[in-house]
Every structure is written in structure tokens, then in C-alpha cells.
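# Topology and contacts: notes
Spelled out, the chains give:
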Number of protein chains: 2
Amino acid sequence: MTERIHATYWLETPEDPLRAAQTIAGEQSSGTFLSLANETDELKERSGARIERLTVLETDTQPSLPGKYKEGATFTRCLLELSWSIDNMGVSLPNVMATVAGNLFELQCVSGLRILDLQLPPIFARTYPGPAFGIAGTRQLAGVPNGPLIGTIIKPSVGLSPEQTGLEARKLIQGGIDFIKDDELQAVGPHCPFEDRVRAVMREVHQASDRLGRKVMVAFNLTGELDDMKRRHDFVQSQGGTCIMVSLNAIGLVGLHELRRHTALPIHAHRNGWGYLSRHPALGWDYRAWHKIWRLAGADHLHVNGIGNKFSETDEQVAESVRAVIEPMWSDAPMHVMPVFSSGQTGLVAAATYASTSNSQDLIFAAGGGIFGHPAGVASGVAALRQAWDAAVAGVPLQQAASEKTELGQAMGFWS
Amino acid sequence: MTERIHATYWLETPEDPLRAAQTIAGEQSSGTFLSLANETDELKERSGARIERLTVLETDTQPSLPGKYKEGATFTRCLLELSWSIDNMGVSLPNVMATVAGNLFELQCVSGLRILDLQLPPIFARTYPGPAFGIAGTRQLAGVPNGPLIGTIIKPSVGLSPEQTGLEARKLIQGGIDFIKDDELQAVGPHCPFEDRVRAVMREVHQASDRLGRKVMVAFNLTGELDDMKRRHDFVQSQGGTCIMVSLNAIGLVGLHELRRHTALPIHAHRNGWGYLSRHPALGWDYRAWHKIWRLAGADHLHVNGIGNKFSETDEQVAESVRAVIEPMWSDAPMHVMPVFSSGQTGLVAAATYASTSNSQDLIFAAGGGIFGHPAGVASGVAALRQAWDAAVAGVPLQQAASEKTELGQAMGFWS
């Protein structure tokens, strides 16, 4: 029995759903729009995609996406599960991508298509490494055995000199932060050479480490071409750094795979560009399907947006992404990664965030304004976030905790 | 004077357009949603994104994309051009991606956003190689100095053994084809090991080459992880092959860049997945912007879909993609690539295709059913396509040519 990969789609079609499903299955395996003599039954049995499930949900008179439809067509929405033998594409994530998310979305029988989930057979866990550090490795390197890692992003996103960046890091480290990341726009320009920036920031990390008994984790954005990324990784490591960061959609799957092979540090994986992959509900990717590919390829920290975020996703969408990230990939190869919450985060959403992880604190909670806006300064901002999380974990209402804890009490005004 | 990159967007916003433009410019450069003391005027001047142009087009009461909008909001559509100093991100395509197409599409002030074009300063042409072969190199290797390269795709897409694939290639080569490509689903599985397939196909190419005076170009799909791609490339080269193929969205930008550094053969770049990047007109990428990144990174042949295609793009969209591909990147670094037409192509669209390229024949015209469906066989199918192209180039109406040329005459029935 050959192992199979499974993909689940939300499909909307102007045609009979079964016929549309057959077209999609055919297009993405052995078929073409002409029937061929050499597409034998034996070949189809071996190499054809199989329709595992087709559930009709509803019909509508309007299509979700523009296309070439017959006048008066009705549009049927359904759930479609397809499977393929892994013999079709081998144990290869790029070829899985081309199979489950290749030339499907533009088919004429598709007026809406979204990939919801992807199930890969366990042989993928023996071929792809998954995260090298994940939750346990990140906690160890950051010296934070329990609770959420309270993090932040260096701002302004871009434009600071290395020295200015170092000063920002100093403020944050003195303020008690666990985790600092570059903005994804902080790349490498003449005003802020990578090596100078890493040196300036790591000087602050080291200076505080004796007092703190830990090195604050800093995710240095090294997004770039492969040799640049490797060289920068080596430099971060040489300076005693403990984390690197990349923009997944910018480097692509081969980029992450090669970086994972090279790295001796956790990979903080930024999903910028996610909007163009997901913003229309009838097109593109659900996070559940998308994130599995990157997780398997080696991401250690994966961005999930945040509850109450300043972007367009609803809290329910965020919660669904979180559920996907904390689920094990396979029971015997869970490949646990750290979900990263960011975007307008404050202590007001600590309890809802804690609920979204099913009461796990294995996460990075990154706030910017939620820290810097504190009237008593950065240290009070960080303290207020910790107090909010403590309250959430203890099940104490935030207002009650705010009346007991000074920093939290001071924070409530500017958070709301 | 620092050089700047420019990106043009179609933007729809529930807010005042100028304010939305400022938010986007801020988010994608030095700003954040809180005003910061260290975001000085000098820093903003140096690192801020600049609004170069904002043209209001129209308003609507309905948003193109769902989001968190105020009740009764109106939605204004406009053209927005932003520019950034290259000092922000360096001469780095991955960082350009994260800047022009990062965390923008999900902003709350965005109810629709599509990147239309991207203008990079000439320093990119000195840093990135562009195509190694392009049009001239492809023509030379394929031994086709003039006219379109008539091509086809091995079908069934996946499932044939190496020997069966060799037999398909033999039929096509005997039929007079110029170019053969794998389907993007043809990866590497136990039923069709890469090396065996290349050997079987190249045997046919070599056997015919004396008679033809040229080696038919075969684009072998080697999509995979980097080491696999390099090893397969070397094998194709060792067997005398003249082309390799990859799925761009599956391997990503670092994958193509590394392959370009390694390759001694033209790279046939497949765009499968394009639908999820582009199918909704108010979201994602126009081909003009998207293709430039891959072209600069080293693609030699770039898919543009086809006139009269079986997918969802209109002929006007295809023609616009073609215009983008045939335009020079820079006047002194044109980086010309071969546009690849495919999807339901027949001789019926030869004239329209020729018009779409502004009467250039520097293209690959790939037909499947348009060749195999010919009642007199593959050779007649190929001949009919050439006759249709000859007629298009000579300005002879197709019906008239069909009455003069046997194969073309026979083809008209099954094409229509």
C-alpha cells in the first residue's frame, strides 16, 4: 500500500461539483482536457488523484471570483478532499506544493478555491527535519523556562544606525524583555550594516547577561540570498547570538530548507506577504495548510498575527491559526514550534490569547506600543504585560489584577 | 542622490486615500501605529517611503475584500505609487519582496490592494544576472534561428515510465517538434526515476539530431530541494540535454537564484500557483510586477498562459502579461526572455498571439491537444501549427491558408 498525501479544499464551482472535482483531480495528476490513449486504466489507478470526499455546502447565484461562466450559472460550494500517491511527486515539499497548489486556482470550473489542510504521510517526517529548536530549544537558549516569552520589535522598523539600535536594545533589556526581533523591513543597507548592528546589540545582551543570568534572545533579520544568509548566521553565532529571522515568502521553500540545514540557531519565521495569499476567503491558503510546509522545512517560531490585531483577520481566524500551530504534525513526530503573537498586542488580550492556545504558555507575545506607551517607561510596560499574563493564567479578572498591581493599573488607560 | 525602488499599486480603501497611503508608506518603512520620539524628521527623510503619486479613480459602497470597516464606509479606489531608498533594503530581491509586498495586504485601511508594477534602479542589473540564455541562447541551443518554437508537453502529465516517456518523445521528435517540456506534475517517483527518464528521452533526441541537424530542446522538470536540482541539472547536462525546468512558486526566490548561479542550461520557469497570487482582481500581484523579480533572478523562459486559454484569465490579461515580458528591463540591460504560451493552444490563435507580441516570433508556442488531436497524427499536427503561424506572419487569413495547406485544412475541424 503506497502512502498518499491528502489535501482538503473549499471549492466553489459553476459546474456540477463532481465533474469539477474530477477535472481538478485529473488536471493535477494524469489527466488533461483531451482524453488520451496512453492514459490507461492501470496508469490512472496508479497515478490519478483520488476524490476522497465531496460534500456540498450551499449554492449561490454570484461567483466569489470573476471568470468565464455561462450566463445564469449557479455556483455550488463544497468541501473537497483529494489524495495522491507519493509516488507521483516523491517525498519533496516543492513538488507537493506544485501538486496541491499548482495550476488549480485558475481553472474555469473554479469560481473559488482555498486549500484548507494538507496531510502528509509520516515518511515526510523522516525526510524533512522540522524545527531544530522548537519550544524546548527556544526556552533553553532564551533562559525562560516558563511563561510566555514577552517580546518586542525594534522600532522604527528601519532607519536606525547600529548604535541607535544598540541603545534601543539596551532600554528593552534593562526593561526586562525576554525576546527582541528586528522588523522585517530591517534589512542591510549602508546606514545599518548587519555586522555592526549585531555587534552593537549583542554588546548589550552580553552586558546584561551576568545580572540577568540569561541572554535575552534577539532575532536578527538576515533575509537575503543564500550565501548572505549563511554568512550572517555565522556572524550572529560568532557574536553569541541565539536567534535568526527570515521572511518566508521572500526567500521561498528552498531558501528555508537550506538555511535549516546550515543553522545552529532557532529560525524565527516571518510570514509577511501572508495577506496576498489569504485575504480573500474564496482564494488561496488557509494558515493550517500553509504553515505545515514551513514547519516541516524547519521554522522554529511561526507568526500567527494576534488576538485584537490591527490587521484584517478576525480573532476567530487567528485562533484557528493558533490551533493549527499547536497541534502535533504527527503523534510520533510532533515538531512543536513557538507561535508568535504580534500586531497591536497589549495585556488586554492576554486572557483571550491564553485561551486560544488551550492554556499553553509556550508562545512569544510581542508588543510594541503596548510596552513603549507605558507612562512609567519600558520596564513598567514589560512588567504590566507579565502581570496581565499572570492574571490570565491564574484566572484572575484583569480589572481586579489592575487594582492590585501598580504597572498593570497604569497600563490599563493607554492600552484601551 | 540615492537610487530608489518604485512600486505601483491599485488600492481600495475605506479611509481618506491620502491617509491610507501615508499609513501604507509608514508601515512599510520607518513608521508604526504609534508615533515614536526616535522617528526623527531626519530619519523619516532618509528612510521613509515616499508617496510619489496618488490618483483617485472612483468610489463604491461595497468593499472588494472583507475586513473590519465602519458601518456606512465608502471605498475609494486609486492608483498609488510609492518609492523607497535602496538604502532601506539593499540590492536584494528577497528584501525588495518583503518591502513592496510584505505586511500591506492585510492592513485595516486596505479593502483591496494589488501590486501593478515594480521599477528597480539599474544597480540591480549589476547585482542580479537575469537570464543566462534568454532568446538568443535558447534559439542557438534549440537550433531554431527563426519563427516561434513549436512546443508541447509530455502527457499524461505523470504516470508514464521512462521508456514510455521516451516513446512519447520519439513520436514528437519524428513529428518535427522544436521543444518538449515535462508537465509540472512530473516530478521524481519510483515509477519514473529522473535519470532513467532523461536517458530515455535524450536517446531519442540524439538519434534524431543527425537527421534534423539540431537537438530538440527538452525542458526536464527538476523542481526539488537545492542539491537535488543541482545534481539533476548536472545529469541533464552530462546527457547532452539543453534545458531544465522549475516551478517558481514551489522553490522560491532563493531556489531560483541558486539554480541560476549553478546552471549551464536555460531555465524554463513555470508559474504554477499563479492563480492563488492573482485570481482576485483586487488582491495580490499583476504579472508585470511579479515576473520582473524572477526574470532578474535568472528565468530564461516565462509562462504567460495563452490567448484563448482554458484557464480564467481573459485574452486582454494575457496580452498585458506578454507586453510586460517583451519589454526590456532596462535599456542597457534588457534581459530578454522567451514568453511561453500554453493552455489549449491551437493554430486558431496564432494570429492573435503574433499580434500580442507586437509581431515578434521570439516565443515558445506549446500545444497539446492542438497537436495530438490531428487526425493525420503528430507530424501533421506540428505542420498545421507551423502553417498557421506562417499565415499569421504573412498576414494571410487562416481560412485562406487552410484551403491551401493540407495539414492546416485538416486541423481546422478539431481545433474549433
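Calculation criteria
Residues numbered from 1 in each chain as written. Chains lettered and ligands numbered in written order. Predicted model: local features only at pLDDT ≥ 70, side-chain atom pairs only at ≥ 80, totals over all residues. Heavy atoms only, no water. Helix = DSSP H or I, 4+ residues; strand = E, 2+ residues; numbered from the N terminus. Rg over C-alpha atoms; globule rule 2.2 N^0.38 Å. Buried < 20%, exposed > 50% of the residue type's maximum accessible area, 1.4 Å probe, protein only. Contact = heavy atoms within 4.5 Å. Areas by Shrake-Rupley, 256 points an atom, 1.4 Å probe, with all protein chains shown as cover. Lys, Arg positive; Asp, Glu negative; His and termini not counted. Charge placed at Lys NZ, Arg CZ, Asp CG, Glu CD. Buried area = accessible area lost by both parts, 1.4 Å probe. Salt bridge = Lys/Arg side-chain N within 4 Å of Asp/Glu carboxyl O. Polar contact = N/O pair within 3.5 Å; in protein donor to acceptor, adjacent residues only side chain to side chain. Nonpolar A, V, L, I, M, F, W, Y, C, P; charged D, E, K, R; others polar. Axes fitted to C-alpha atoms, helices over the stretch in contact; angles between N-to-C directions. Parallel < 35°, antiparallel > 145°, perpendicular 65-115°, else oblique. Left-handed = near helix turned anticlockwise from the far one by under 90°. Core = buried A, V, L, I, M, F, W, Y, C linked by side-chain atoms within 4.5 Å. Pairing = 2+ DSSP bridges. pLDDT = per-residue confidence, 0-100. Least-squares fit on C-alpha atoms with pLDDT ≥ 70 in both. Phe/Tyr/Trp six-rings, centres within 6.5 Å; stacked < 30°, edge-to-face > 60°. Lys NZ or Arg CZ within 6 Å of the ring centre and 35° of its normal.

## Remarks on the overall build of chain A
From N to C terminus, chain A includes 18 helices and 13 strands. Scaling as 2.2 N^0.38, a compact globule of 416 residues should have a C-alpha radius of gyration of about 22 Å, and chain A matches this with 24 Å. Based on the C-alpha atoms only, the size of chain A along its principal axes is roughly 75 × 45 × 40 Å. Looking at chain A residue by residue over its 416 residues, the buried ones come to 64%. In chain A, the proportion of contacts linking residues at least 24 apart, taken out of those at least 6 apart, comes to 75%. Split by element, the accessible area of chain A, about 14000 Å² in all, is 49% carbon and sulfur. On chain A, the mean spot of the 36 positive side-chain charges and the mean spot of the 44 negative ones are 4 Å from each other.

## Brief notes about the interface of chain B and chain A
Counting from both sides, the interface comprises 95 residues of chain B and, opposite them, 95 residues of chain A. Interface area for chain B against chain A, summed over the two sides, is near 7800 Å², with a carbon-plus-sulfur share of 56%. On the chain B side of the interface with chain A, the three residues burying the most area are Glu225, Tyr276 and Arg279 of chain B, jointly 11% of the side's total. Where aspartate 227 of chain B meets arginine 261 of chain A, a salt bridge forms, and the shortest distance between an N and an O atom there is 2.7 Å. Run the count over chain B and chain A and you get 48 residue pairs in polar contact (both at pLDDT 80 or more). For the side of chain B that touches chain A, the secondary structure elements donating two or more residues are helix H2 (41-47), helix H3 (93-100), helix H8 (226-238), helix H9 (248-262), helix H10 (274-278) and strand S10 (283-285) of chain B. Element by element, the count of residues in the side of chain B that touches chain A is highest for H9 of chain B, at 10 residues. For the side of chain B that touches chain A, a count of residues per class yields 37 nonpolar, 42 polar and 16 charged.

## Some points on the packing of helix H6 (residues 162-174) of chain B against helix H7 (residues 194-212) of chain B
Packed helices, taken two at a time, are described by the angle their axes make and the gap between the axes. Residue and element names in this part refer to chain B. Between H6 and H7, the least distance of the axes is 8 Å, while the angle of their chain directions is 25°. Taken together, the axis directions place H6 and H7 in an arrangement best described as roughly parallel. Relative to H7, H6 is oriented so that their crossing is right-handed. Residue-level contacts link Pro162, Thr165, Gly166, Ala169, Arg170, Ile173 and Gln174 of H6 to Asp196, Arg197, Ala200, Val201, Glu204, Val205, Ala208, Arg211 and Leu212 of H7. Grouping the constituent residues of the contact of H6 with H7 by class yields 8 nonpolar, 3 polar and 5 charged.

## Quick word on the nonpolar core
A general feature of soluble globular proteins is that nonpolar side chains tend to end up buried together. One finds Val100, Phe124 and Trp285 of chain A together with Val100, Phe124 and Trp285 of chain B to be the most contacted residues of the largest nonpolar core, which totals 231 residues. What tryptophan 285 of chain B contacts, discounting residues up to four positions off in sequence, is Tyr276 of chain A together with Met97, Ala101, Arg114, Ile115, Trp274, Leu277, Ser278, Trp290 and Ile293 of chain B.

## Re the sheet that holds strand S4 (residues 112-119) of chain B
Residue and element names in this part refer to chain B. Strand order in the open sheet formed by 5 strands is S2-S3-S1-S4-S10, and the pairing between neighbours is mixed. A single partner strand is all that each edge strand has here, and the edge strands are strand S2 (50-60) and S10. Direction aside, neighbouring strands of the sheet carry axes that sit 15° apart on average. Strand contacts of H3: strand S1 (4-13), strand S3 (75-85), S4 and S10, with the helix running at about 30° to S1, the strand carrying the most contacts.

## Notes on the sheet that holds strand S12 (residues 338-341) of chain B
Residues and elements named next belong to chain B. Taken in spatial order, the 8 strands of this closed barrel run S5-S6-S7-S8-S9-S11-S12-S13, and their pairing is parallel. Across the sheet, the axes of successive neighbouring strands diverge by a mean angle of 25°, strand direction being ignored. Here helix H5 (residues 134-142) sits on the sheet in contact with strand S5 (149-153), strand S7 (217-221), strand S11 (301-303) and S12, set at roughly 70° to S12. Docked against the sheet, helix H15 (residues 378-394) engages S5 and strand S13 (364-366), running at close to 140° with respect to S5.

## Thoughts on the confidence of the model for chain A
Averaged over all residues, the pLDDT of chain A is 96; the fraction at 70 or higher stands at 98%. Across the interface, the model reports ipTM at 0.96; the global pTM reads 0.97.

## Some thoughts on the relation of the copies chain B and chain A
Placing chain B over chain A gives an RMSD of 0.0 Å and needs a rotation angle of 180°, together with 0.0 Å of translation along the axis. One copy is carried onto the other by what is essentially a two-fold rotation axis. Relative to the rotation axis, the closest C-alpha in chain B is found at glycine 252 of chain B, a distance of 1.8 Å. Take the interface residues of chain B: 100% of them recur as interface residues in chain A, which is what a same-surface contact looks like.

## What to know about the packing of aromatic side chains
For the structure shown, the criterion picks out 24 aromatic pairs over all chains. When the ring of tyrosine 69 of chain B is compared with that of phenylalanine 75 of chain B, the centres are 5.1 Å apart and the planes differ by 75°; the resulting orientation is edge-to-face. The burial state of tyrosine 69 of chain B is the same as that of phenylalanine 75 of chain B; both residues are buried. Aromatic pair tyrosine 287 of chain B and tryptophan 290 of chain B: ring centres 5.8 Å apart, planes at 40°, arrangement tilted. Here tyrosine 287 of chain B pairs with tryptophan 290 of chain B, and both are found in helix H11 (residues 287-297), just 3 residues apart, close to one helical turn. Across the pair, tryptophan 290 of chain B and tyrosine 287 of chain B agree in class, each one buried. Pairwise contacts between aromatic rings join Trp274, Tyr287, Trp290 and Trp294 of chain A into one cluster. The side chain of arginine 232 of chain A reaches across the aromatic face of phenylalanine 194 of chain A, ending 5.8 Å from its centre.

## Overview of the packing of helix H10 (residues 248-262) of chain A against H8 of chain B
Contact pair H10 of chain A / H8 of chain B: the axes reach a minimum separation of 9 Å and the direction vectors enclose 110°. When the axis of H10 of chain A is compared with that of H8 of chain B, the two are roughly perpendicular. Contacts between H10 of chain A and H8 of chain B involve Val254, Glu258 and Arg261 of chain A from the first element and Leu226, Asp227 and Met229 of chain B from the second. Of the residues belonging to the contact of H10 of chain A with H8 of chain B, the class tally is 3 nonpolar, no polar and 3 charged.

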